[in-house]
Amino acid sequence: MKIKVLGGVVATVLWCAGALAAPERPRPPAPPELTEQTIDAADFDGWRARDEARGTADADRKAAEEAVAKAKRKRDRKAAQQKLAALPKPDDAPDPFLIRAQILLDRAHASPGAIDGRYGDNMRRAVRAFREMRGLPAGDQLDAEAWAKLSEDQGKATQIYEITPEDEDGRYVGKPLPTDYAKLARMKWIGFRDAAEMLAERFHLDEGLMRRLNPGTDFDKAGSKILAPATGDGPPPDRRVLRILVNKGENELRALDKDGDLVFAAPATVGSGDTPSPSGTVKVTKPYLNPVYKYDPKKNFQQGKNKRKLTLKPGPNGPVGSMWIDLDKPTYGIHGTPEPSKIGKTESHGCVRLTNWDAETLGGLVEPNKTVVEFR
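Attention here is on the structure that accompanies the text. (Residues numbered from 1 in each chain as written. Predicted model: local features only at pLDDT ≥ 70, side-chain atom pairs only at ≥ 80, totals over all residues. Heavy atoms only, no water.)

Focus on the pairing of strand 13 (residues 372-375)
Along any regular strand the residues' side chains alternate between the sheet's two faces.
Phase 1 of the analysis: Of the strand pairs in this sheet, strand 3 (residues 243-247) and strand 13 are connected by four bridges, and their pairing is parallel. Looking at the pairing, Leu 245 lines up with Glu 374 of strand 13. (Pairing = 2+ DSSP bridges. Helix = DSSP H or I, 4+ residues; strand = E, 2+ residues; numbered from the N terminus.)

Brief notes about the packing of aromatic side chains
Working definition: an aromatic ring pair is given by the centre-to-centre distance plus the angle between the planes.
Phase 1 of the analysis: The final tally for this structure, using the stated rule, is eight aromatic pairs.
Phase 2 of the analysis: Between the aromatic rings of Phe 44 and Phe 97, the centroid separation amounts to 6.2 Å while the plane-to-plane angle is 70°, which identifies the pairing as edge-to-face. With Phe 44 in helix 3 (residues 44-70) and Phe 97 in helix 5 (residues 96-107), this pair connects stretches of sequence that are 53 residues apart. Here Phe 44 and Phe 97 have matching classes, each one buried.
Phase 3 of the analysis: Ring geometry for Tyr 181 against Tyr 293: centres 6.0 Å apart, planes inclined by 85°, an arrangement best described as edge-to-face. Here the residue Tyr 181 occupies a position in helix 9 (residues 181-184), and Tyr 293 occupies one in strand 8 (residues 293-295), the gap between them amounting to 112 residues.
Phase 4 of the analysis: Using a relative accessible area of 9% as the deciding quantity, one classes Tyr 181 as buried.
Phase 5 of the analysis: In this structure an aromatic cluster arises from ring pairing among Phe 44, Trp 47, Phe 97, Tyr 119 and Trp 147.
Phase 6 of the analysis: Taking the ring centre of Trp 47 as reference, the NZ or CZ of Arg 48 above it sits at 5.3 Å. (Phe/Tyr/Trp six-rings, centres within 6.5 Å; stacked < 30°, edge-to-face > 60°. Buried < 20%, exposed > 50% of the residue type's maximum accessible area, 1.4 Å probe, protein only. Lys NZ or Arg CZ within 6 Å of the ring centre and 35° of its normal.)

Quick word on the sheet that holds strand 3
Phase 1 of the analysis: If you trace the nine strands from one edge of the open sheet to the other, you get 5-4-3-13-7-10-11-12-6, paired in mixed fashion. Each end of this open sheet is capped by a strand with a single partner; those strands are strand 5 (262-267) and strand 6 (269-270).
Phase 2 of the analysis: Pairing geometry for strand 6 and strand 12 (residues 352-353), over two bridges, is antiparallel. In the sheet register, Thr 269 faces strand 12, and the bridge partner there is Arg 353.
Phase 3 of the analysis: Helix-sheet contacts for helix 6 (residues 121-133) involve strand 4 (252-256) and strand 5, and the interaxial angle to strand 5 is about 170°. (Contact = heavy atoms within 4.5 Å. Axes fitted to C-alpha atoms, helices over the stretch in contact; angles between N-to-C directions.)

Re the packing of helix 3 against helix 4 (residues 74-86)
Phase 1 of the analysis: Where helix 3 contacts helix 4, the axes come no closer than 8 Å and their chain directions differ by 160°. Classified by the interaxial angle, the pair formed by helix 3 and helix 4 is roughly antiparallel. Helix 4 is crossed by helix 3, and the crossing has left-handed handedness. Contacts between helix 3 and helix 4 involve Arg 61, Ala 64, Glu 65, Ala 67 and Val 68 on the former and, on the latter, Arg 77, Ala 80, Gln 81 and Leu 84.
Phase 2 of the analysis: Its residues placed into classes, the contact of helix 3 with helix 4 shows five nonpolar, one polar and three charged. (Parallel < 35°, antiparallel > 145°, perpendicular 65-115°, else oblique. Left-handed = near helix turned anticlockwise from the far one by under 90°. Nonpolar A, V, L, I, M, F, W, Y, C, P; charged D, E, K, R; others polar.)

Section: the nonpolar core
Phase 1 of the analysis: Of all hydrophobic cores here, the largest spans 38 residues; its most connected members are Ile 244, Leu 253, Ile 334, Val 352, Leu 354, Leu 362 and Val 373.
Phase 2 of the analysis: Looking at this core element by element, the count peaks at four residues for strand 10 (residues 323-327).
Phase 3 of the analysis: Not counting the four nearest positions on each side in its chain, Val 352 is found in contact with Val 246, Leu 253, Ala 268, Thr 269, Val 270, Gly 333, Ile 334, His 335 and Phe 375.
Phase 4 of the analysis: Val 127, Leu 136, Trp 147 and Leu 245 belong to the second largest nonpolar core, which has 26 residues in total. (Core = buried A, V, L, I, M, F, W, Y, C linked by side-chain atoms within 4.5 Å.)

Considering the packing of helix 5 against helix 6
Phase 1 of the analysis: Look at helix 5 against helix 6: their axes get within 11 Å of each other, and the N-to-C directions meet at 50°. Put simply, helix 5 runs oblique to helix 6. Relative to helix 6, the crossing made by helix 5 is left-handed. Of helix 6, the residues touching helix 5 (which contributes Leu 98, Ala 101, Gln 102 and Leu 105) are Met 123, Ala 126, Val 127 and Phe 130.
Phase 2 of the analysis: Considering only residue class, the contact of helix 5 with helix 6 consists of seven nonpolar, one polar and no charged.

This is how it looks when you write it as structure tokens:
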């Protein structure tokens, strides 16, 4: 009888422990595969459900990490570590809805920079600008109201593009470019490495995402078909930009017309602690497509061990990319970059750096000797 009673007690205790234990949370759903269909059909409600599940999983993981850090006894720390190890790893995979949203923002002239399918700082800047353009309450969240406005654009977000013989035979350098200016100065053209890099820029894409969208594709072969964003044209030419606001703290550039309305916005890399951007107001003198870059360490900055003047030929992978918008403050300008995925995330040598495509868009809208640039 004692054994039976004891067994009954044990059974009861185990049952109670099971009843009191927190139920295991379901793993957050993985984003759908990245296909033409999933991107074009991606909807707000599906993304919000995935985003909320990811937020819950992130909160659980943070709490588990804090429990490990606070555990004092070895036994408690081990138990906390086991709980942490059992949680799903963070998933930062591109989401088809965010790819669609970024393409639509790009078409609305609220540039997210390089389209990457993630809700990072550049996406937040783009949403904030779009909300202002459409007269919505200020904020950087893509809520249901903002999505309703953005999705008024019912055009397909993607396209199937066939690589042409001209794409295949482009003026490519065929290798990683040197970072040293003296070595760059020996090149006759500072072009794209290959067709893949060129195509990523043509479609405003993060190159890693382009490869993920097109696994196993030979981008150097004419006739290959790729899935790419259906990016649109820039603002109409008659919407001339007469005022540019450069926000150093927000790493953002905004272009306004004569009425003060926002025409175009883009993430930017603005100065650094060692070589800050200017303060106050300057004017645009002239935009230059595919500029020659003249390096003078006495006027600009010291690059590596280069202590003499150098002239670097044009090309999208040059230090200032494919566009230079000259300012009336010597040595300063608004320009492109050879590394679009870093825009808004790194520092510059005092100038304002945009993606090549955003710099080219802006260069086509400014008025020489009239457009004012304000640094804030």
